[in-house]
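Spelled out from the first residue to the last, the chains are:
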Amino acid sequence: GESVGLHLPTLSVQEGDNSIINCAYSNSASDYFIWYKQESGKGPQFIIDIRSNMDKRQGQRVTVLLNKTVKHLSLQIAATQPGDSAVYFCAENRSNDYKLSFGAGTTVTVRA
Amino acid sequence: KAGVTQTPRYLIKTRGQQVTLSCSPISGHRSVSWYQQTPGQGLQFLFEYFSETQRNKGNFPGRFSGRQFSNSRSEMNVSTLELGDSALYLCASSFSSGANTEAFFGQGTRLTVV
């Protein structure tokens, strides 16, 4: 079925290194994508979004890349810090759908 | 600006009972969505409301219902609770009526059914 999914369930990163979290989606009608970070005991926290008319968007220490040809989304975190340890979800939205479809999540662990 | 507020934070109920969860969106936000989060199924969409109208509903049984009030606050109700309803219930609010806008989540209500 149509879904948004992440390639790896876990990612271990050395502090200071860059992290790359991947996500694949199957619905070509998806036109809006969001990355969320969820820490233990908390709700998902908005990180960055991107619309389908863009292929790259940058925030503070984060970059989202969208490749519509292969239906792939990635989140890059520069200079990963211990506070970046969390579960990261990609989510997609289809026009006039009024809902987000989430991937399974990637647990990022930052090693000191 | 206060974030999305969900009450209560934790709840323990017995099978067969019903429960009502509350969500207060960010001031000025008129769209409220509800999601269920479990380890096995991840984040699953329940329903979305805008200006007191339900615009979309997920694939959940009729035991799950919701509503939105004129002040944009929303409640969801689960009747005849089952063990499998144990989950983190998350509420998200958005400013715009359009589909492609940022959604901000609350801390969630952790429901345990025993």
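Right above here is the structure, for reference.
Residues numbered from 1 in each chain as written. Chains lettered and ligands numbered in written order. Predicted model: local features only at pLDDT ≥ 70, side-chain atom pairs only at ≥ 80, totals over all residues. Heavy atoms only, no water.

All right, on to the overall build of chain A then. A tally of regular secondary structure across chain A gives zero helices and 11 strands. Ordering the α and β elements of chain A from the N terminus gives β-β-β-β-β-β-β-β-β-β-β. In terms of overall dimensions, chain A is globule-like: its C-alpha atoms have a radius of gyration of 13 Å, near the 13 Å expected for 112 residues. Across its three principal axes, chain A shows a C-alpha extent of roughly 45 × 25 × 20 Å. A burial count over chain A gives 46% of its 112 residues as buried. Across chain A, contacts joining residues at least 24 apart in sequence account for 52% of those joining residues at least 6 apart. For chain A, the accessible area works out to roughly 5,400 Å², and carbon and sulfur atoms hold 45% of it. Across chain A, 11 positive and 10 negative side-chain charges occur, with their mean positions spaced 1 Å apart. (Helix = DSSP H or I, 4+ residues; strand = E, 2+ residues; numbered from the N terminus. Rg over C-alpha atoms; globule rule 2.2 N^0.38 Å. Buried < 20%, exposed > 50% of the residue type's maximum accessible area, 1.4 Å probe, protein only. Contact = heavy atoms within 4.5 Å. Areas by Shrake-Rupley, 256 points an atom, 1.4 Å probe, with all protein chains shown as cover. Lys, Arg positive; Asp, Glu negative; His and termini not counted. Charge placed at Lys NZ, Arg CZ, Asp CG, Glu CD.)

Our focus in this paragraph is the interface of chain B and chain A. Of the residues lining the interface, 22 residues belong to chain B; the matching set on chain A comes to 22 residues. Carbon and sulfur atoms supply 55% of the area buried between chain B and chain A, which totals about 1,700 Å² over both sides. On inspection of chain B and its partner chain A, the count reaches six residue pairs in polar contact (both at pLDDT 80 or more). Breaking the side of chain B that touches chain A down by element, the ones donating at least two residues are β4 (31–38), β5 (42–50), β6 (53–57), β9 (87–94) and β10 (104–105) of chain B. Of the residues in the side of chain B that touches chain A, the class split is nine nonpolar, nine polar and four charged. (Buried area = accessible area lost by both parts, 1.4 Å probe. Polar contact = N/O pair within 3.5 Å; in protein donor to acceptor, adjacent residues only side chain to side chain. Nonpolar A, V, L, I, M, F, W, Y, C, P; charged D, E, K, R; others polar.)

By themselves these figures say nothing about function.
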